[in-house]
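If you want the building blocks of each chain, they are given just below.
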Amino acid sequence: MITDIVSWIAVGLILATTTTILINRDWRVSLGALALQYLAAFWLVTRHLPFAMGSAKLIAGWMVVAALGMTRLGLTNLEHEEDAFWPRGQWFTAILMGIVALITAGSTPRIEAAIPGLGLPVIAGGILLVGAGVVHLGVTSDLLRVTLGLLTMLAGFEVLYAAVESSILVTGFLAIINLGLGISGSYLLIAGSSPLETEEEI
Amino acid sequence: MSAPILWIAIPFIMGVFILFFLRERFSALIGGVTAGILALAALVFPIDTALLLGLISLKIAPSIQFFGRSFELNTADGPLLAIVYGLSALWFLGTEASGTSNRFASLGLMIIALLTASIAVEPFLYAALLLEMAAMLAIPLLVPPYQKPGRGAVRFLIYQTLAMPFILFSGWMLAGVEASPGDLSTTTQAGTMLGLGFAFLLAVFPLYNWIPMLMEESSPYVTGFLLWALPTFTVIFALGFLDRYAWLRTSSQLSNAIQFAGVLMVASGGIFASLQRHIGRILGYAAIAETGLLILVMGLRSSEIVTITFLTLIPRGLELTIWALALSIIKRKAYSLRFNELQGLARSYPVAVAALILAHLSMTGFPLLAGFPPRLAIWQALAGQSLVTSFWVFFGMLGLLVAAIRTLAVFVMANEDKKWSVNESWVQVTMLGLGVIGLFILGIFPQALHPLLANLPSLFEHLVP
């Protein structure tokens, strides 16, 4: 019973963090929300995976947050690039997130009926994350935000996939992919800000 | 020694070693030689067969356990490994001639190792994870440290990442479909998921917009390498799906859908190529059309699917290598690669221009060139099934031919008093010359490929009757 309550709290936390990442423009707040999001995802993952495997995902996620944070912190003179997507108001993204929440509420019981045993909170958390990630990818072209969108989408997938696949190899590979996405995102953020290295690279 | 260590771990470690410890000028050579040796080893040493060398008995074990799962390369994988590493050696040895960043050989070797792991991993479904890792490794190649990332690289990363969840979920659902084949709803869902996953991976229409973008914003040689490597292994992965799941092989709706996607790519790729004014983008659209052909072959209701696929894959690797190398050489002179900067370049870069045009013509299926025999086989199989499909494929190829003629016209558009001169270096001339000879050999004597192709169908035993 208590486990279920905590699971639903984790779902609530996911809704709050994904909305924050989507709406808030401050990168520090977004990365903080991402760290919390990984904590909630960790709880949902451990509904089906052993604690140690869940911890691997959590640690990998936090390492990604640290890598992105350190990179962004080093970019002091980064020009603020306005997203070209229209409309870009906070209300618009909030409405999009509302639509994702509605879709989640509608589809969760149906998925539970089709695939029994996953658990309602796990399905709801997973779909919220995937939906928020996809929405994020759709409304931004900013590199940090694209990375956040991909990581959010991937976290949702991991929550759902943990319920059907418990292989250590898959968990390891997914952790590597999370780290790889974080590092790729960091690399793309700093690319172009460093001077030309050698003539041969022209 | 086991095969996965030899053809996956060693090249990956070599890639890391070259990246961090080797002087830049040697990296391409060492990378190329490593790939060449691995290709030769795949040809000479059969996997899982004892060989007596003097007093020493040598046997390469086929599999290795890793975190409870196995990586397996069997005897039938030998020719495939030889093809893949042989073509990779060509790409890496061309690094110097193309003037590409020296990280190319090291990261390229790591990418090829990961892609090889994708055909070796069991359950084969996990290949989606390895393909994603390979795609992420390509990012530093596509975006040099001094260049701001463009939209193409970001879209490439997004699309490759989106593909993985779809494929992994569809694989899990397909197991359910096999258990209860009558469940139409699960079958439809699994098929849709699988289709979306491969649509992202193979850049099926309209998800291929990142390819021309990348051709404009990144090094043509690096992008060409990715356009060769990723679809090649993805096609092998897709054939694995068709081989494992009976209902995928027998479903006529799925076969039609695959054919439709392939034809759409061939026709749109050809038409868009004919309308471009940027020779890099033309290469991008030609690669799209070629991938479309491979998809089309997978949708054929024929017992020759595997043979035709591999017959298409080998010349494709050679064509893309030559084309991308020639583009890289030309790009040093005309950075934007737009038509207005290329006028008359045939007189100052005759070898590069000739190689580029021949590679282009080969991709259109021009007789005597490497692309002709596989296209002939495709036409033969296709004409018996649907004349409408054949027409659209012809239309796409015609578009590519128009693009080739337009490119040639621009290259030779020079003042009559302009002198002919060869500005390519001897390394560039040698690489391009060997490549062009290869195009003619594969075009005139396609049976030269027979020793490599003979055993490949046994990789997919259910697809071959």
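Residues numbered from 1 in each chain as written. Chains lettered and ligands numbered in written order. Predicted model: local features only at pLDDT ≥ 70, side-chain atom pairs only at ≥ 80, totals over all residues.

What about the overall build of chain A?
How we decide: Strands here mean DSSP runs of E at least two residues long; helices mean DSSP runs of H or I at least four residues long; both are numbered from the N terminus. Once C-beta atoms are placed from the backbone, each residue is buried if 20 or more other C-beta atoms lie within 10 Å of its own, exposed if 12 or fewer, and partly exposed for counts between those two. For the purpose of contact definition, each residue receives a C-beta atom placed from its backbone, and two residues are in contact when these atoms lie within 7 Å.
For chain A, the count of helices and strands is seven helices and zero strands. For chain A, the N- to C-terminal ordering of α and β elements is α-α-α-α-α-α-α. In chain A, which comprises 202 residues, the share counted as buried stands at 47%. Sequence separation of 24 or more characterises 75% of the internal contacts of chain A that already satisfy a separation of 6 or more.

Side note on the overall build of chain B
Heads up, the condition is: Radius of gyration: over C-alpha atoms. The globule rule applied is 2.2 Å multiplied by the number of residues raised to the 0.38 power.
Along the backbone of chain B there are 20 helices and five strands. Against the 2.2 N^0.38 benchmark of 23 Å for 465 residues, chain B shows a C-alpha radius of gyration of 21 Å, consistent with a compact globule. By the burial criterion, 57% of the 465 residues in chain B qualify as buried. Of all intrachain contacts in chain B linking residues separated by at least 6 positions in sequence, the fraction that spans at least 24 positions is 78%.

Quick notes on the interface of chain B and chain A
Note on interface size: it is often stated as the accessible area lost on association of the parts. Each partner contributes residues to the interface: chain B has 28 residues there, and chain A has 30 residues. Those elements that provide at least two residues to the side of chain B that touches chain A are helix H6 (127-142) and helix H7 (151-179) of chain B. Ranked by residues supplied to the side of chain B that touches chain A, first place goes to H7(B) with seven residues.

Let's talk about the nonpolar core
A general tendency of soluble globular proteins is for nonpolar side chains to be buried together. Stated precisely, the cut-off is as follows: Nonpolar cores are identified as sets of buried Ala, Val, Leu, Ile, Met, Phe, Trp, Tyr and Cys residues joined via C-beta atoms within 7 Å.
Residues B:Ala128, B:Leu130, B:Ile322 and B:Ala326 are the most contacted members of the largest nonpolar core, which totals 239 residues. Those residues in contact with B:Leu130, other than ones at most four positions away along the chain, are B:Leu114, B:Ala117, B:Ser118 and B:Val121.

Description of the domain arrangement of chain B
Residues and elements named next belong to chain B. Filter applied, for reference: Segmentation of the chain into domains, including their bounds, is taken from an automatic or database domain assignment. When residue character is reported, Ala, Val, Leu, Ile, Met, Phe, Trp, Tyr, Cys and Pro are called nonpolar, Asp, Glu, Lys and Arg charged, and the others, Gly included, polar.
Its domain assignment divides chain B into domain 1 (1-122) and domain 2 (123-459). Distance between the C-alpha centres of domain 1 and domain 2: 23 Å. If you look at the interface, domain 1 gives 30 residues, while domain 2 gives 36 residues. Secondary-structure elements contributing two or more residues to the side of domain 1 that touches domain 2 are helix H3 (77-93), helix H4 (95-98), helix H5 (103-120) and strand S5 (121-122). At 12 residues, the largest contribution of residues to the side of domain 1 that touches domain 2 is made by H5. When its residues are assigned to classes, the side of domain 1 that touches domain 2 shows 19 nonpolar, seven polar and four charged.

Thoughts on the sheet that holds strand S4 (residues 69-72) of chain B
Residues and elements named next belong to chain B. In plain terms, the rule: DSSP-based pairing: two strands are paired if at least 2 bridges between them are found.
The three strands lie next to each other as S3-S4-S5, forming an open sheet whose pairing is antiparallel. The sheet is open, and its two edges are formed by strand S3 (63-66) and S5, each paired on a single side. As judged from the two bridges shared by S4 and S5, these two strands associate in the antiparallel manner. What sits directly across from Ser-70, in S5, is Glu-122.

Quick notes on the environment of B:Gln276
All names here are of chain B. Of note, Gln-276 is situated in the loop between helix H12 (252-275) and helix H13 (279-298). Along the chain, Gln-276 and Phe-339 lie 63 residues apart, while their C-alpha atoms are 9.0 Å from each other. Not counting residues up to four positions away in its chain, the partners in contact with Gln-276 are Arg-281, Ile-282, Tyr-285 and Ala-403.

Comments concerning helix H9 (residues 210-217) of chain B
Summarising burial for H9(B): six of the eight residues are buried, a large majority. Of the surrounding secondary structure, the elements contacted by the buried residues of H9(B) are H6, H7, helix H10 (220-244) and H13 of chain B.

Observations regarding the packing of H7(B) against H9(B)
Residue and element names in this part refer to chain B. Rules: Simply put, an axis is a line fit to the C-alpha atoms, just over the touching stretch for a helix, and the angle between two N-to-C directions goes from 0 to 180 degrees. If an angle is under 35 degrees, it is roughly parallel; if it is over 145, roughly antiparallel; if it lies from 65 to 115, roughly perpendicular; otherwise it is oblique. Handedness of a helix crossing follows the sense of rotation of the near helix relative to the far helix, less than a right angle counterclockwise being left-handed and clockwise being right-handed.
The contact between H7 and H9 brings their axes to 7 Å, and the two run at 140°. Put simply, H7 runs oblique to H9. Between H7 and H9 lies a crossing whose hand is left-handed. Taking contact as the criterion, the partners of Arg-151, Gly-152, Ala-153, Arg-155, Phe-156 and Tyr-159 in H7 are, on H9, Trp-210, Met-213, Leu-214 and Glu-217. Here the residues of the contact of H7 with H9 are counted per class, giving six nonpolar, one polar and three charged.

Describing unusual backbone geometry
Note on backbone geometry: most residues besides glycine have negative phi, and most peptide bonds are trans. Residues and elements named next belong to chain B. The amide bond that connects Glu-122 to the next residue, Pro-123, takes the cis arrangement and shows omega of 0°. Following Phe-205, the chain continues into Pro-206 via a peptide bond in cis, with omega recorded as 0°. Mapped onto the elements of the fold, Pro-206 is located in the loop between helix H8 (184-201) and H9. A positive phi angle, near 65°, is found at Asp-48, a position not held by glycine.

A closer look at H5(B)
Here is the rule: Take the residue count of a helix, subtract one, and multiply by 1.5 Å to get its expected span.
Relative to the 26 Å expected for 18 residues at 1.5 Å per residue, H5(B) spans 26 Å between its end C-alpha atoms, a close match to the ideal helical length. Burial within H5(B) is extensive, with 18 of its 18 residues counted as buried.

Notes on the pairing of S4(B)
Residues and elements named next belong to chain B. The pairing of S3 with S4 spans four bridges and is antiparallel. Considered in S4, the bridge of Ser-63 is made with Glu-72. The antiparallel pairing of S3 with S4 creates a hairpin that spans two residues between the two strands, and Phe-67 there sits at a positive phi of about 50°.

Things to note about the packing of helix H1 (residues 3-21) of chain B against helix H2 (residues 24-44) of chain B
All names here are of chain B. Packing of H1 against H2 brings their axes to within 10 Å, and their N-to-C directions diverge by 175°. On the basis of their axis angle, the class for H1 and H2 is roughly antiparallel. Side by side, H1 and H2 meet where Leu-6, Trp-7, Pro-11, Met-14 and Ile-18 of the first sit next to Ser-27, Ile-30, Gly-31, Thr-34, Leu-38, Ala-41 and Ala-42 of the second. When grouped by side-chain class, the residues that make up the contact of H1 with H2 number nine nonpolar, three polar and no charged.

Observations regarding the environment of B:Thr291
Residues and elements named next belong to chain B. Along the chain, Thr-291 turns up in helix H13. Residues Thr-291 and Leu-313, 22 residues apart in the sequence, show an inter-C-alpha distance of 9.5 Å. Here Thr-291 is in contact with Leu-202, Ala-203, Pro-231 and Met-265, once residues within four sequence places are set aside.

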